[in-house]
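Overview (structure and organization)
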Amino acid sequence: STAKEAYVTLCTNDSYAIGVLVWVESLKEVGTTRQIVVMITNGLSQKMKEQLAESADKVVEVNVLDSRDNVNLDLLARPDLGVTFTKLHCWRLTEYDKCVFMDADTLVLKNIDDLFEKEEFSAAPDPGWPDCFNSGVYVYKPSLETYQKLLKFAVQSGSFDGGDQGLLNSYYTNWNRISFLYNCVAQSFYSYLPAFKQFGKDVKVAHFIGAVKPWHHSFDVSTGKVSESEFSGHCADFLRHWWNLFVSRVHKRLP
Ligand code: UDP
Ligand code: MN
């Protein structure tokens, strides 16, 4: 295939950048053949930017305040939509025919390049309200027209949850469902343990939603144990996988 396709993520600060570095390594470990693109803002340190540039195929700096059209001016009056709005920049990556957006707190466990066979807009159900998709992993087609439409929609309708997930669910009401295995919210084994026992080994992407991220835990290199000082509900196996990648491939390169 000659199509240009990419995995895309976003990070606005050095903390999420650690997640991105592990995410990139997880994609490489499963042998993706697609490009890896990181959108960043000016909230990152220079050293972290350099590290990301070394690790990803492309780093794109995006900035809310740079744009001059009316829609963007309206958005300046909506600081609540800050990071949400920034995520929408992924539709501007029109040098790619198709992309898979993934949150920086996702971890790829198996090759997921087959996602590029899906059309815009495809995503996995959210376990909290399965009629909605979770916006941590989605297949989309970059388009300036869609980008403008999404901005307009954001200004006019806002987001029912204050984030990108509410906004995108209101906009893409006819989304295509992909398997939960492509965006397994790492806490879900608490709500449906038998299903997790049955299907957990097939999980392709773990997603560490919530305020406590894998990089907020600590890890004992000698025992290979992740400490759960604060309750996070993360699945220990997924957490260990994240930390093993961090220790073996990311830690020594950090600024
Ligand atoms: N993000 C970011 N900086 C922030 C918050 C979020 O770069 O301060 C990006 C990052 O890619 C993150 C995504 O936006 O993974 C969505 O946020 P998060 O994963 O924290 O939300 P959750 O999945 O926990 O609902
Ligand atoms: Mn997330």
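Structure's up top.
Keep in mind it's a predicted model, so treat the numbers as computed, not measured.

**Looking at the coordination of the manganese ion (ligand 2)**
At this site the manganese ion (ligand 2) is bound by Asp103 (OD), Asp105 (OD), Asp105 (OD) and His207 (NE2), with donor distances of 2.2 to 2.4 Å. Bound by 6 donor atoms, the manganese ion (ligand 2) shows angles of 57 to 175° at the metal and therefore irregular coordination geometry. Between the donor residues of the manganese ion (ligand 2), the gaps in sequence give the motif D-x1-D-x101-H. Under the relative-accessibility criterion, Asp103 is labelled buried at 18%. Overall, Asp105 belongs to the buried group, its relative accessible area being 4%.

**Remarks on the packing of aromatic side chains**
Summed over all chains, the structure comprises 18 aromatic pairs. Judged by centre distance (5.0 Å) and plane angle (80°), the ring pair of Tyr7 and Phe116 falls under edge-to-face. In this pair, Tyr7 is assigned in strand β1 (residues 5-11) and Phe116 in the loop between β5 (106-108) and β6 (122-126), connecting sequence segments 109 residues apart. Measuring from centroid to centroid gives 5.8 Å for Phe196 and Phe238, while their planes differ by 75°, and the two rings are edge-to-face. Note that Phe196 is positioned in helix α7 (residues 193-199) and Phe238 in helix α8 (residues 236-250), a separation of 42 residues in sequence. For the pair Phe196 and Phe238, one class covers both residues: buried. In this structure an aromatic cluster arises from ring pairing among Trp91, Phe101, Phe121, Phe133, Tyr138, Tyr140, Phe153, Tyr171, Tyr172 and Trp175.

**Focus: the pairing of β6**
Buried residues dominate β6, accounting for 5 of its 5 residues. Sheet analysis places β6 next to strand β7 (residues 129-140), joined by 4 bridges and oriented antiparallel. Its bridge partner being in β7, Ala123 is matched across the sheet by Tyr138. Here β6 folds back onto β7 in antiparallel fashion, the turn holding 2 residues. Across 2 bridges, the pairing between β6 and strand β8 (residues 176-177) is parallel. From the neighbouring strand, Ala123 faces β8, where its bridge partner is Arg177.

**With respect to the nonpolar core**
Counting residues in each nonpolar core, the largest one holds 50 residues, and the members touching the most others are Trp23, Leu52, Met102, Phe238 and Trp242. For this core, the element with the highest residue contribution is helix α1 (residues 14-29), accounting for 8 residues. Contact partners of Phe238, with chain neighbours within four places excluded, come to Leu107, Leu109, Cys184, Ala186, Phe196, Val203, Ala206 and Phe208. Of all hydrophobic cores here, the second largest spans 27 residues; its members include Phe85, Cys90, Leu150 and Tyr172.

Conventions we followed
- Residues numbered from 1 in each chain as written.
- Chains lettered and ligands numbered in written order.
- Predicted model: local features only at pLDDT ≥ 70, side-chain atom pairs only at ≥ 80, totals over all residues.
- Heavy atoms only, no water.
- Donors = N, O, S within 2.8 Å, 3.2 Å for Na, K, Ca; no water.
- Tetrahedral: all angles 85-135°; square planar, octahedral: opposite > 155°, others 65-115°.
- Buried < 20%, exposed > 50% of the residue type's maximum accessible area, 1.4 Å probe, protein only.
- Phe/Tyr/Trp six-rings, centres within 6.5 Å; stacked < 30°, edge-to-face > 60°.
- Helix = DSSP H or I, 4+ residues; strand = E, 2+ residues; numbered from the N terminus.
- Pairing = 2+ DSSP bridges.
- Core = buried A, V, L, I, M, F, W, Y, C linked by side-chain atoms within 4.5 Å.
- Contact = heavy atoms within 4.5 Å.

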